[in-house]
Amino acid sequence: MSMVSTDDNRILVRKPTAAPSTEPAAPTFTVDGPIEGRRVGFRTDSAWRSWSLIADVWNGYLQRDGATTDTYETHGMIGDTGATDRAQIDKLAETVDFAIVGLGTCGSCTSFTIADSVAFEDHEKPVIAIVTEEFATHGHNVANHLGHGDLKVLVLPYPLEALPHEELLQIADDFYPKALELLGVTK
Amino acid sequence: MTAVLQQEQIEVPADPYDFYELSLEEQWGDGVPLIPPTDDYVQALIASTPYAGDHVVAILPPKQLVATVELIAINAAMAGVEPDALPLVIAALEALSAPEWNALGLTTTTSSVFPMLIVDGPGRDRFSIDYKASCMGGAAGRGSMTIGRAVALCLRNIGGQRAGDTTRSVFGQPARFGFCIGEWEERSPWPSLAERAGFSTDQDVVTVHGGKGTFPMADINNDDATDLVFLIAKSLAYPLSNLYLGGGENGEVVVAINPIWADRFKVPFPDVEDLQVFLQENAWQPLSSWPEANQEVFRKKGRVGKDDRMYLVERPDQIIPMVCGGLGSLHAIALPSFGESHIQSVAAQYAPR
């Protein structure tokens, strides 16, 4: 339906959308060596019990393979808790050799998983962000929007919450080698 | 002085219906017809501010793109904002860009949360911002409908917020079209939100709350004001509130109180701080209201308070009363919190007259 002919009835307006960023993606880093003797940072999130369990399993495997691990559990995005979390993540990024950061399995927690992963890349450390399948595209988008479009993202099945304990342990086993491969760990 | 516009100029149909169809195709809008952002209109909007068109107001998430005064004015034009009201849109965007508002989290979350704007000051009446009957929907004041909508369009077109894509909100909410109300300062027995934030009554101040929706409460059974406040407090502490997802130290709940109830509440609570203390002290549920497994989660997180009480928030200042609404009494509305967001207030800056 058209109320008037549009062929010669045009007006000029201003485009309402912002131009996309053209900044190149920040560099990423890989371990390029064995696990033994490395210090590994884990970022968990008090919101996600499934990820804490998987991270615990991976923690054990890394220690078995000769690494030392430091885990920091985040509790907030803002306020004193958020400020403490960001400061601790930054400190972790300074002290570890590489890091595993999760979990992105909601909108805002994926955004903060990616933002905290970026903190490790800013310290030129290898890092992988852990997100679930439903939030994988969102994770890549946020990484891209934060200027780290090449950030390595490991995608776990979705949903993880409310899965039986045994299934979560199986997922931890299945995805541990993939995590190491993505980080660039070699034998 | 007329602003020289920098944004790309494009040719569009002059016919309103065809322009509407184009806006849908280009995904510029919210599904409702838009007004074409012609140069005259955009320049009139910019002229109401003390800024040049290329002045950067904010970096808007999710895409972290630059919101200049000109781009904001273009989106405000499409929303139908009255030219002199652009400073209120800018103030809202400045407020939601404060780090403690957590725009990155709130624009990408699965939650329904969205910026809810509350305006104090002379601009409330000047721009027809609703604060009396049906102020949260239906009153149709131009300021309420267009200023909130302009902020929403800026988040879409500048920040790149798109449902199911860059924003993962599971349900969204009607306020995602835009939400802007005024405070009925003259009927409030307490200082306005703006005054409580340190502004004066002659300033136009926009307070931006990350609100999850409108949560209605009603009563006809209580004659005692304190009893009624007690029940409001209990109603705020519903078990699946976002504020029980975290530690309770972040986020605020806004409680919109109608003028008739405000007159009753001012007798036992002449100071708003005392009202806030009473609300916080009674906004809790017993831990036994939650299933056993959930209780275990709360215990592990250290969320359980004294005597197994589950307080909604840690501090009285996290429950924020304000007065608005019609004179029909009987109702209050809570604007529940996302949790990981702190309310922000910013004064509008106008061009010198």
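Just so it is clear, the structure is predicted and the values come from calculations on it, not from any experiment.

Rules behind the numbers
- Counting restarts for each chain, with residues numbered from 1 along the sequence as it is written.
- Working convention: letters from A go to chains and numbers from 1 go to ligands, in the order in which they are written.
- Given that this is a predicted model, residues contribute local features only at a pLDDT of at least 70 and side-chain atom pairs are listed and counted only at 80 or more, while totals for whole chains, interfaces and linings are drawn from all residues.
- To obtain the side-chain values, all non-hydrogen atoms of the structure were included, while hydrogens and water were left out.
- Under the DSSP-based scheme used, a helix requires at least four consecutive residues in state H or I and a strand at least two consecutive residues in state E, with every element numbered from the N terminus.
- C-alpha atoms define the radius of gyration, and 2.2 Å times the number of residues to the power 0.38 defines the globule rule.
- When checking whether two residues touch, look at their non-hydrogen atoms; a contact exists if any pair is within 4.5 Å.
- Note on areas: these come from Shrake-Rupley sampling with a 1.4 Å probe, and a residue is covered only by the protein chains present in the view.
- By the counting scheme adopted, Arg and Lys are positive, Glu and Asp are negative, and His together with the chain ends is not counted.
- A charge is said to be at NZ when it belongs to Lys, at CZ for Arg, at CG for Asp and at CD for Glu.
- If DSSP finds at least two bridges between two strands, the strands pair.
- Whenever a helix is involved, its axis is fitted only over the stretch in contact; in every case the axis is a line through C-alpha atoms, and angles between N-to-C directions fall within 0 to 180 degrees.
- For the exposure calls, accessible area comes from a 1.4 Å probe over protein chains only, and a residue counts as buried if that area is under 20% of its type's maximum, exposed if over 50%, partly exposed in between.
- The salt bridge definition used is simple: a Lys or Arg side-chain nitrogen within 4 Å of an Asp or Glu carboxyl oxygen.
- Identification of polar contacts relies on pairs of N or O atoms within 3.5 Å, with a donor-acceptor requirement for protein atoms, meaning one able to donate a hydrogen and the other able to accept it, and with residues adjacent in sequence counted only if both atoms are side-chain atoms.
- For classification purposes, an angle smaller than 35 degrees is called roughly parallel, one larger than 145 roughly antiparallel, one from 65 to 115 roughly perpendicular, and anything else oblique.
- Handedness of each helix crossing follows the sense of rotation of the near helix against the far helix: counterclockwise by less than a right angle gives left-handed, clockwise gives right-handed.
- In this classification, Asp, Glu, Lys and Arg are treated as charged, Ala, Val, Leu, Ile, Met, Phe, Trp, Tyr, Cys and Pro as nonpolar, and every other residue, Gly included, as polar.
- A pair of aromatic rings is counted whenever rings of Phe, Tyr or Trp (Trp by its six-membered ring) have centres within 6.5 Å, and the orientation is called stacked for planes under 30 degrees apart, edge-to-face for over 60 and tilted otherwise.

Chemist: Sorry if this is basic, but what is going on with the overall build of chain A here?
Modeler: Each helix and strand in chain A was counted, giving five helices and six strands. Overall, chain A shows an N-to-C arrangement of helices and strands of β-β-α-β-α-β-α-β-α-β-α. Here the C-alpha radius of gyration of chain A, 20 Å, is well above what a compact globule of 187 residues would show, namely 16 Å. Seen along its three principal axes, the alpha-carbon backbone of chain A occupies a region of about 75 × 40 × 35 Å. The contacts in chain A between residues at least 6 apart in sequence include a share of 77% that link residues at least 24 apart. Surface accessibility of chain A: about 8,500 Å² in total, with carbon and sulfur atoms responsible for 50%. Looking at charge distribution, chain A has the averaged site of its 14 positive side-chain charges lying 4 Å from that of its 28 negative ones.

Chemist: Help me out: how do you make sense of the sheet that holds strand β11 (residues 319-323) of chain B in this one?
Modeler: Residues and elements named next belong to chain B. Ordered in space as β7-β12-β8-β11, the four strands form an open sheet in which the pairing is mixed. The open sheet is flanked by β7 (215-218) and β11, the only strands paired with a single partner. Going across the sheet, the axis of each strand differs from the next one's by a mean of 25°, ignoring polarity. The pairing of strand β8 (residues 253-257) with strand β12 (residues 331-335) spans four bridges and is classified as antiparallel. What sits directly across from valine 255, in β12, is alanine 334. In this fold helix α9 (residues 225-236) packs onto β7, β8, β11 and β12, with an angle of close to 150° to the strand it touches most, β7. Against the sheet, helix α11 (residues 272-282) touches β8 and β11, its axis set at about 130° to β11.

Chemist: Just checking my understanding: could you explain the side chain of Arg303(B) for this structure?
Modeler: All names here are of chain B. Mapped onto the fold, arginine 303 is located in the loop between α12 (292-301) and β10 (309-311). Within the buried core, arginine 303 has no salt-bridge partner, and the shortest N-O distance to an opposite charge, that of glutamate 249, equals 6.3 Å. Of note is the side chain of arginine 303, whose polar atom sits 2.9 Å from the backbone oxygen of leucine 243. Looking at arginine 303, its side chain comes within polar contact range of the main-chain oxygen of leucine 312, at 3.1 Å.

Chemist: Just checking my understanding: could you explain the sheet that holds strand β4 (residues 98-104) of chain A for this structure?
Modeler: In a beta sheet, neighbouring strands pair by backbone hydrogen bonds and run either parallel or antiparallel. All names here are of chain A. The five strands are arranged β3-β2-β4-β5-β6 in an open sheet whose pairing can be described as parallel. Two strands lie at the open edges of the sheet, namely β3 (68-74) and β6 (152-156), each paired on one side alone. Taken over all neighbouring pairs, the strand axes of this sheet differ in orientation by 20° on average, direction set aside. The pairing of strand β5 (residues 127-132) with β6 spans five bridges and is classified as parallel. Following the sheet pairing, isoleucine 128 is matched in β6 by lysine 152. Across the face of the sheet, helix α3 (residues 107-122) comes into contact with β2 (39-45), β3, β4 and β5 while running at roughly 170° to β4. Helix α5 (residues 165-183) contacts β4, β5 and β6 of the sheet and is inclined by roughly 170° relative to β6.

Chemist: Looking at this structure, I do not really get unusual backbone geometry. What am I missing?
Modeler: Trans peptide bonds make up the majority, and among non-glycine residues the majority have a negative phi. Here the bond from Gly102(A) into Leu103(A) is cis, since omega is 15°, no more than 30 degrees from zero. Tracing the backbone through its elements, the reader meets Leu103(A) in strand β4. Following Pro61(B), the chain continues to Pro62(B) via a peptide bond in cis, the omega torsion being 5°. Considering the arrangement of structural elements, one finds Pro62(B) in the loop between β2 (56-60) and β3 (65-68). The backbone of Asp307(B) shows a phi angle near 60°, a positive value even though the residue is not glycine. By secondary structure assignment, the location of Asp307(B) is in the loop between α12 and β10.

Chemist: How do you make sense of the packing of helix α3 (residues 69-79) of chain B against helix α7 (residues 142-157) of chain B when you look at a structure like this?
Modeler: Two measures define how a pair of helices packs: the angle their axes make with one another and the distance between the axes. Residues and elements named next belong to chain B. With their axes 8 Å apart at the nearest point, α3 and α7 run at an angle of 130° to one another. If you check the angle between α3 and α7, you find them oblique. Considering how the two elements wind past one another, α3 and α7 form a crossing that is right-handed. On α7, the residues that touch Ile72, Asn75, Ala76, Met78 and Ala79 of α3 are Thr146, Arg149, Ala150, Leu153, Cys154 and Asn157. The residue inventory of the contact of α3 with α7, partitioned by class, reads seven nonpolar, three polar and one charged.

Chemist: Is there a simple way to think about the packing of aromatic side chains in this case?
Modeler: Aromatic ring pairs: the centre-centre distance and the angle between the two ring planes describe each pair. All names here are of chain B. Tallying each qualifying case throughout the model produces 14 aromatic pairs over all chains. Relative to tyrosine 20, the ring of tyrosine 17 has its centre 6.4 Å away and its plane inclined at 80°; by these criteria the two rings are edge-to-face. Taken together, the residues tyrosine 17 and tyrosine 20, both in helix α1 (residues 16-26) and three residues apart, mark about one turn of the helix. A relative accessible area of 25% places tyrosine 17 in the partly exposed class. Between tryptophan 290 and phenylalanine 298 the ring centres are 5.4 Å apart and the planes differ by 85°, which places this aromatic pair in the edge-to-face class.

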